[in-house]
Each structure stands twice: as structure tokens, then as C-alpha cells.
Amino acid sequence: MNSTDRIELDILLVGGGHSHALLIRRWGMKPLPGVRLTLISSDVDTPYSGMLPGYLAGHYRHDEMHIDLARLCHWASVRFITATVTALDLEAREVMVDDGRPPVGFDLLSIDTGSTPDLSVPGAREHVLPVKPVSGLVDRWRTLQAQPEQPRNIAVVGAGAGGFELLLAARHALRHSGAGFHWLIRGRRPISDRPERVGERALAAARRADVNVVTDFDVEAVREGLLLARDGRRQAADAILWVTAASGPDWPGKAGLATGARGFIATNDCLQSVSHPFVFAAGDAGSHVEKPVPKAGVYAVRQAPILFENLRRMATGQALKPYRPQRDNLVLMALGEKRAIGTRGPLVIEGGWVWRWKDHIDRRFMQRFRDLPVMETGRTERKIIQPAAPTATTATTATTATTVTTATTAPAGVGEGQINAIVDDSWLFARIAALHAISDIGVVAAEPHSAQVIVSLADAVPAVAQRDLTSVMHGLDRELAANGFALAGGHTAFSETLSLALVVNALPGTAGSHSPDESGRSGGSPGGSDASRVTAGDALILTQPLGIGVLFAGFMRGAAAGRDLQPALEAMLQSNLPAGRILRRHGASAMTDITGFGLLGHARRLCDSLAADTAVGITLDIAAMPVFATARELAAAGIRSSLWHENRKALAAIENPAGTALPESELSLLVDPQTGGGYLGVLPAAEADAALEALAVAGYRSAAVIGHVDARAGVRLA
Ligand SMILES: Cc1cc2nc3c(=O)[nH]c(=O)nc-3n(C[C@H](O)[C@H](O)[C@H](O)COP(=O)(O)OP(=O)(O)OC[C@H]3O[C@@H](n4cnc5c(N)ncnc54)[C@H](O)[C@@H]3O)c2cc1C
């Protein structure tokens, strides 16, 4: 939706499965004015299971088999929350999630959370690798492959198409490891829902791959390294891949939503819950009460357009459209190597060409999420956090409050726009904004005691506005409380988009040093030190990596994936106050936070303020700068944030006495604007190691010494 539309209705999508991913793509091209769509999904990247066996076999890379939900949602102007839903309140129309935020409200709900294999067999939960969630399987598979001692016996439990494909994929990946593979089949033949010839071919393929096929093995219990069958047989296995019959999530049923066999949400022809008409379910999670379809991705895909249509119709009070499933579906099963078996109805085919056909279909499906159409209508302005202007931090006397103001408004510009994509989530937005404001306080060794806020909410009907306000206030309260203070008051207003203006009040601290800030010399504080203590040879410590600006610019331009932003978000959600206290405990005599001017701009201001009293300058060791991994690649690829054009002027003032030949991309990171960046502190060189150790223990694991103080004014490179 456009930022100017009044929000009248919230549709919440839970789970980033096939149906929802395709629905969001359609929504991006045809949004419904006044309706806000939000996706909550556990993963930033959602796996495409059709390519999972090929991924495990080593034929595909991570990006090739994952849909980047963050990017898709950003493109479609859909809010994205990375979290797992744990409960549902149908009365209040809210879902509970696992990341500590308040319940998320909705008017209409759609569930596409897939299925998980049944883990009710005693010992299964503790000892097997379940195929779902796929992200869990992928992580554990990588760990298994990387461990120095490979498993000697690998068992696959599950005789359906998925189990068969995983078996041969794993076998192919570990073909040189010497591991023995065992396929445990409950009945006499696998893939029993297909013609007998399919099962025969599957057994033949498994035997060709030297797999020990064990039929009539009905697993009764799992112990460490051992599978026990009901008839008393045992099978040794160091690793057990578990691909048994799917079951639905438990939380919808617990909430009172009608469910059918194995906990799947009971739906009617229109993918609508039979008990609660404002709830829809698609993909594996839903099941038609009378005509259930197999649990296969192709059905989830075909349901997407009907779900899309019916959510719109429900929102606008129109009659719903029935979903008519196809009678049969084509099944293509990869055989580890680049061969596949295919079947539809009585037809059974096999060969290298079948694999290439499957590969073509799968790649074409994924292409739809990579080549997102360029939209004509603007959806540019949304909430942003404006990197702080030259810090307005003023420490006064011991009896006067220190006030730090950080305004967050919505100016135009790509630099700021980089942030809005990822902080569409109002709760995260509030937390980042709070920490951004609090950060200024830590620079001056003041102790925050209260804050006032003006929350400008996006124009919405009262019920929606209340949801937004609750979420924002919870995010703010959480960060203020974590830093030892609370909101003293505030105001609420409406504007085009959500924005926050936060004022944090603080008293100068009674312990530790009181440092000068970049806007001028401090007045000193009881028992503290000041710029006169800065001496040549002092170390410069940076507490967080650089590259936030370029990362978000890269994301906006489609050059960075949603998951690339995660380390930066984690850093932005880490308060700088503890870092400030640690630096002071280790004798910091000067400090600044790195925000809109980038490291160089803030370092220069710090330097200028120090030089007012003493003839000091700084030398920066560019090779020692901590930088977010992908940021360096993006900078090398020429990605720059919009503020970079202004900030780069600072580069002209750098001395390069050694004539160090640095790529322009490395220099660009020095002036990359940061939102919620770390601190740059000056402290005695002898304290640097101890300070770094303490910072690492406190969670600032990237903190590094990035230079030192010189006896000559100016900023130069080592
Ligand atoms: C090895 C294997 C191969 C397969 N190959 C094929 C194939 O080739 N063709 C085919 O048609 N089918 C295939 N399937 C079946 C297919 O995986 C499923 O039918 C399909 O993934 C179902 O899609 P979905 O949209 O229901 O959900 P999923 O694709 O399972 O996606 C669910 C999403 O919801 C998220 N989620 C789950 N719980 C929560 C929660 N509580 N809160 C928030 N988010 C949540 C998950 O992180 C995930 O992103 C295969 C299955 C396996 C095991």
C-alpha cells in the first residue's frame, strides 16, 4: 500500500511457505488500498523444498534454493517480521511470537506454516535430524559434513518421495566418506501412493547406490546411535534423517481452531477455516475437511492465487472463490546424481533428461522471486531513522540534566531509505530508535533517567493505530528499561508514516570519566578526566563494525540479501552504554559515537575538539577496521549510500604520509554513514587489550584497536 493510504484493515500472513511467497508477489503487483499486509516467518530465507535434495547433493547453492522473504516483502511493501508464532488468541485476534514482542494483532489471518514430521516415536525428538524445519536440517547437515569424523552409519526413516530423494542426495554428498546408508521402510515397498513400478525403480536406484534397504522396519523407539523396530530388530545409525508422515502445527488447534487428522487446520473449499471464517490456511498446514490433497508443494503453489483472491474478497465483503485441486500431480524425484524418476498417473519415466527437466522447472520457479518486476507507482517514503545530525550532546553540571535529542523523521534520500526496508517492523524500529538516542548519553558518561517521546503514527483506523502504538511503546519501554530508566511522558500524533522523536534526559555520571564530545570541550565531571589526558600513543578503539549504510543501500538496490542485514541489525540492537562504561573503566579520555558522518567525519570532529587544547591528531589503521562482511563486498562493487557524496569530502583532509595505495572502496567505508553505529574511544595503549577483552565478554566481539593518537594535529592513515 502507499504511505498515504489510511490503514483500515490488517491482514496477517503467518509462515513464509510457497502459498504466501507467491501471494506476496501478486500483492506487490496488485495491492488493495487501505489494507496492510504483514508477514511473520521464522526464516528470512524460505527454502524451496523441490531443490532441497539437489542442495544436499551439492548441485545448488544456498541462494539458488531460498526465497529472500525480506527482499520480496520490501519490494511488495509488505511488513516483514522475522519470528516464530507460538500461540493464537482467536478472541482477541492476536498471535504470540517468540522474540519478546507484544502479541501481533490482525483482522484477517492466513496460515502457511507447512508441516513437520511426526516426532512422537520415543527418543525421536532427542536423536534424529527431522527434515523440517528445513533450515534446521540444513544447519545440522552442514555441521555433520564439516565434522572431522564422518558418521559410519546413516539411516533414513521414511519411505515417501521426500525420504527417497533425501536418501540418495545424502548418499551422493557423502559418496567418498565410506559411510554405510540404510533405508528403513515400514512396509514392503516405498512410495506406495504411486504405481508399483515407481517403488520398484526407487528400490533399484537405492541398491545401485549401495544402500542397505530394510523393509517392514516399523520404528518403535530411537536411542543414541540405534533404531529399534517393533519386531525386535535393531539398526545401528550415527545419524538418522527423519522424513516420516507430516503433521500440522499444534498451536492452531490449541487455540480452538478446528483441526482434522494429524492437526492440520480444517478448511472448506475456499481455504477458509471451518470454525473461524476470518482465518485461512494454505499449503501443508491446511486440509480440506472432505477432499484433502497430498502434502506437496505443487498444491501450495496452486492455492496461492485463490488465497490471494479470497483474502481480497473477504476484505471487501465479496463472495469467496472455491479452490479446485488438480486430480493428479507430476512427481519428479532426483536420484542424488543428476538423474531423476518422474511419474504422473500410470506414466513412469527415468533418466538424465528427467533431472534436467526438473532442474528447469525448479529454476524457473525460483526465477520468479529473483526477477521482481519494476513497479511504476512510487512506494518510496516510509519510516526511516535519520542518522543523527552532528551530535547535540551537551553535558552540564552535576545538578543539571543532560538532554540528548534524537529526532527520527522521514526525509527523502536513499541513505535513510536503506533503513526503512528492514525496520518496517514497528517494534524493531522503536527499539533501534531508542538505542540510537540513548547512545548519545553514553558518550558523555551521563546516566539517563527519563525520556519523552512523540510518536507519529501512520494514518489508520483506531484499532490499527492502537496496535501500532502498543508495538512501538513496547519496543521503546523495553530498551529504556534495559538501560535503567523509563518514559516520563509523550504525545501521539498522526502523519503519513510512523516516526518517533525521542528526548532522553540524563544526569552526568558520578563514576568514571567525563569525556569531551565532538561538539566541543566538556566541562569535566567529579572524579573524571578530560581531553588534557589524551596523549600521543593512546589507542583508538572502535566497538562495532562499519558498513551499515552500504549494507542497507545494497539491500535497497537488490545487491544484498535480507540475511546480509542481520549482523548489522544485531549490532544496532545492542546498546552502546555498556561499551561506554567499559571504555571509561579502562581510562577512556574521549569518546564519540559513529553516526551520520561516518567514522572519518566523527573522528575528525573528535580530533578537532581535542586539538583545541593539545596538539594531537590521529592515525587510522584502515586494515584493522572491523567491517560487516558483505559491506566490504558491496563497497567493492561500487555500492554507496546517498550520504556518502556529502561525507566523502572529509576524505580530502586525510593525510597519507606513507602514500598507502588504498582502493577507493576501502576509503568509502571510512565515510559510510552509520545508524546505531558503535563508539570510538581514546584510551591509554596499555589498557587496550584489557578493554578489548572486556568488550568481547560484553558482546562487542568485533571491537578492535583501529589506530592511535599522534602528537601532530590532523587525521592520517597508517
Ligand atoms: C525432501 C523433500 C522434497 C520435497 N520435494 C517436493 C517436490 O519436489 N515437489 C513438491 O510438490 N513437494 C515436495 N515436497 C513437499 C513440500 O516440501 C511441501 O509440501 C511444501 O513445502 C509445503 O509448502 P508450504 O507452503 O505448506 O510450507 P513450507 O514450504 O513448509 O514453508 C513453511 C514456512 O513457514 C515458516 N514457519 C513454520 N512455522 C512457523 C511459525 N510457527 N511461525 C512463523 N513461521 C513459521 C517456515 O519457516 C517456512 O518458511 C518435498 C518434501 C521434502 C521433505
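So, here is what we can say about the structure in this document.

Calculation notes
- Residues numbered from 1 in each chain as written.
- Predicted model: local features only at pLDDT ≥ 70, side-chain atom pairs only at ≥ 80, totals over all residues.
- Heavy atoms only, no water.
- Helix = DSSP H or I, 4+ residues; strand = E, 2+ residues; numbered from the N terminus.
- Buried < 20%, exposed > 50% of the residue type's maximum accessible area, 1.4 Å probe, protein only.
- Polar contact = N/O pair within 3.5 Å; in protein donor to acceptor, adjacent residues only side chain to side chain.
- Contact = heavy atoms within 4.5 Å.
- Near = heavy atom within 4 Å.
- Areas by Shrake-Rupley, 256 points an atom, 1.4 Å probe, with all protein chains shown as cover.
- Nonpolar A, V, L, I, M, F, W, Y, C, P; charged D, E, K, R; others polar.
- Domains from an automatic or database assignment.
- Pairing = 2+ DSSP bridges.
- Axes fitted to C-alpha atoms, helices over the stretch in contact; angles between N-to-C directions.
- Core = buried A, V, L, I, M, F, W, Y, C linked by side-chain atoms within 4.5 Å.
- Phe/Tyr/Trp six-rings, centres within 6.5 Å; stacked < 30°, edge-to-face > 60°.
- Lys NZ or Arg CZ within 6 Å of the ring centre and 35° of its normal.

**With respect to the side chain of serine 450**
Next, step 1: The topology assignment puts serine 450 in strand S27 (residues 446–458).
Next, step 2: Judged by relative accessible area, serine 450 falls into the buried class, the value being 10%.
Next, step 3: There is a polar contact of 3.0 Å between the side chain of serine 450 and the side chain of histidine 449.
Next, step 4: Among residues more than four places away in sequence, those in contact with serine 450 are Phe485, Ala486, Ala488, Val503, Val504 and Asn505.

**Describing the site of the ligand**
Next, step 1: Among the 32 residues in the neighbourhood of the ligand, the closest are listed as Asp43, Thr46, Ser49, Asp112 and Asp284.
Next, step 2: Contact distances for the ligand include 2.6 Å between an oxygen atom and a side-chain N or O atom of serine 49.
Next, step 3: Alanine 296 is positioned such that a nitrogen or oxygen atom in its backbone is 3.4 Å from an oxygen atom of the ligand.
Next, step 4: Contact with the protein chains hides 86% of the accessible area of the ligand, taken as 1,000 Å² for the molecule alone.
Next, step 5: Of all the elements in the fold, those that place two or more residues in the shell around the ligand are helix H1 (18–29), strand S2 (35–41), helix H7 (161–173) and helix H10 (297–315).
Next, step 6: Across the shell around the ligand, the residue classes tally to nine nonpolar, 16 polar and seven charged.
Next, step 7: For the shell around the ligand, the two domains that each supply at least three residues are domain 1 (9–42 + 83–115 + 248–327) and domain 2 (124–246).

**Things to note about the sheet that holds strand S12 (residues 153–157)**
Next, step 1: Strand order across the open sheet formed by five strands is S11-S18-S12-S13-S14, with parallel pairing between neighbours. In this open sheet, the two strands that pair with only one neighbour each are strand S11 (129–130) and strand S14 (211–214).
Next, step 2: One ladder, built from four bridges, connects strand S13 (residues 180–184) with S14; its direction is parallel. Its bridge partner being in S14, phenylalanine 181 is matched across the sheet by valine 211.
Next, step 3: Strands S12, S13, S14 and strand S18 (239–242) of the sheet are contacted by H7, whose axis makes an angle of about 175° with S13.

**Quick word on the nonpolar core**
Next, step 1: The biggest cluster of nonpolar side chains holds 204 residues, and the ones touching the most others in it are Val95, Phe164, Trp183, Leu599 and Leu620.
Next, step 2: In terms of nonpolar packing, the next biggest core, distinct from the first, is built from 16 residues, Val121, Leu184, Val219 and Ala229 among them.

**A short note on the packing of aromatic side chains**
Next, step 1: Here the structure, examined in full by the defined rule, presents seven aromatic pairs.
Next, step 2: With a centroid separation of 6.3 Å and an interplanar angle of 20°, the aromatic rings of tryptophan 353 and tryptophan 357 are classed as stacked. With tryptophan 353 and tryptophan 357 both in helix H11 (residues 352–370), this residue pair falls four residues apart, about one helical turn.
Next, step 3: Relative accessible area serves as the criterion here: at 34%, tryptophan 357 is assigned to the partly exposed category.
Next, step 4: Taken together through their ring pairs, the aromatic side chains of Tyr48, Phe365 and Phe369 make up a single cluster.
Next, step 5: Across from the ring centre of phenylalanine 597, 3.8 Å away, lies the NZ or CZ of arginine 605, which sits over that ring.

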